[in-house]
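As a plain string of letters, each chain reads:
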Amino acid sequence: MNQVPAPADSTLNQWNQPVGQAMPHWQPRALPSRLQLQGRYCRLEPIDAERHARDLFEAFASAPDGSDWTYMASGPFASIDDYRQYAQKLQQSHDPLHFTVIDLASGRAVGSLALMRIDAANGVIEVGHVALSRRLKRTRVATEAQFLLMQHAFDTLGYRRYEWKCDSLNAPSRRAAQRLGFSFEGVFRQAIVYRQRSRDTAWFSIIDGEWPTLRTAFTAWLDPANFDADGQQRQSLAALRSAQA
């Protein structure tokens, strides 16, 4: 039988067995709280049904059909009252902890996302429930919203691992994760049942040792100088990430 080699960052214990890196000073991390995260193009606010539901419903309703909700556990919503009831449930949740994306140019709520599966003891946290309206997709606002949550998790809260999971058949979500710098880790087969169908779940992650390079790339990409007069990027996020590697 071929023996699997030990990871390069492992060490040997007193019995000559490979073990993980020692972390004698590790302490559990703080739980994320309901606060605002301010960026150049957007602001993240804890979701508030009274303040955000109408804007969010109108933003989501601008799509021509319900296809944006295919890989979500809920939606689409037929009326503002239906969405408001849903938003009230999001507001009451602590894990997932939901944030609204406010486009600073318009002052309107245009999407939402959440920190979830919060494992403070081990410093692991996931971004999920990413609901981006058509007004938000493929914009600087969408990228900055993701960056603000990552920055909060790594730089403010000190988490070690930041996860992204999606239906393995959700090609746009998989592409988004890889564009943002997440590493693909594999597929968990028949992981959950949702919408009365089976889901294989694709796992992605960023770890703290990778974050400084990613943070520099995000900062450079989001700089107004990286965009021409028509708003087109001069350098891609992937190119900036490669330049920093």
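Shown above is the structure to which this text applies.
Residues numbered from 1 in each chain as written. Predicted model: local features only at pLDDT ≥ 70, side-chain atom pairs only at ≥ 80, totals over all residues. Heavy atoms only, no water.

Attention now goes to the environment of Met-23. Along the chain, Met-23 turns up in the loop between strand E2 (18-19) and strand E3 (37-38). The class of Met-23 is partly exposed, set by a relative accessible area of 37%. Distance from Met-23 to Ala-59, taken between C-alpha atoms, is 46 Å for residues 36 residues apart in sequence. (Helix = DSSP H or I, 4+ residues; strand = E, 2+ residues; numbered from the N terminus. Buried < 20%, exposed > 50% of the residue type's maximum accessible area, 1.4 Å probe, protein only.)

Time to look at the pairing of strand E10 (residues 197-207). When strand E8 (residues 161-167) meets E10, the two strands line up antiparallel, connected through 7 bridges. Within the sheet, the bridge partner assigned to Tyr-162 lies in E10 and is Ile-206. In the sheet, strand E9 (residues 183-194) pairs with E10 via 8 bridges, with the strands oriented antiparallel. Across the sheet, Phe-184 pairs through a bridge with Phe-204, a residue of E10. (Pairing = 2+ DSSP bridges.)

In this section: the packing of aromatic side chains. Throughout the structure, instances matching the rule amount to 15 aromatic pairs. When the centroid spacing of 5.3 Å and the interplanar angle of 90° are considered together, the rings of Trp-69 and Phe-77 count as edge-to-face. Here Phe-77 falls in the buried class, since its relative accessible area comes to 19%. Residues Phe-154 and Trp-211 carry aromatic rings whose centres are separated by 5.2 Å and whose planes lie at 20° to one another, so their mutual orientation is stacked. Separated by 57 residues along the polypeptide, Phe-154 in helix H3 (residues 140-156) and Trp-211 in helix H5 (residues 211-222) bring together distant segments of the chain. The pair Phe-154 / Trp-211 is uniform in exposure class, with both members buried. Through a chain of ring-to-ring contacts, three or more aromatic side chains come together here, namely Phe-147, Phe-154, Tyr-162, Trp-164, Phe-182, Trp-211 and Phe-218. Here the basic side chain of Arg-140 rests over the ring of Phe-227, its NZ or CZ set 4.0 Å away from the ring centre. The ring of Trp-203 carries Lys-165 above its face, with NZ or CZ at 4.2 Å from the centroid. (Phe/Tyr/Trp six-rings, centres within 6.5 Å; stacked < 30°, edge-to-face > 60°. Lys NZ or Arg CZ within 6 Å of the ring centre and 35° of its normal.)

Further remarks concern the packing of helix H1 (residues 49-61) against helix H2 (residues 80-92). For the pair H1 and H2, the least separation of the axes is 9 Å and the interaxial angle reads 130°. Taken together, H1 and H2 sit at an angle that is classed as oblique. The crossing of H1 and H2 is right-handed. Taken together, the residues of H2 that come into contact with H1 (itself represented by Ala-49, Glu-50, Ala-53, Arg-54, Leu-56, Phe-57 and Phe-60) are Ile-80, Tyr-83, Arg-84, Ala-87, Gln-88 and Gln-91. (Axes fitted to C-alpha atoms, helices over the stretch in contact; angles between N-to-C directions. Parallel < 35°, antiparallel > 145°, perpendicular 65-115°, else oblique. Left-handed = near helix turned anticlockwise from the far one by under 90°. Contact = heavy atoms within 4.5 Å.)

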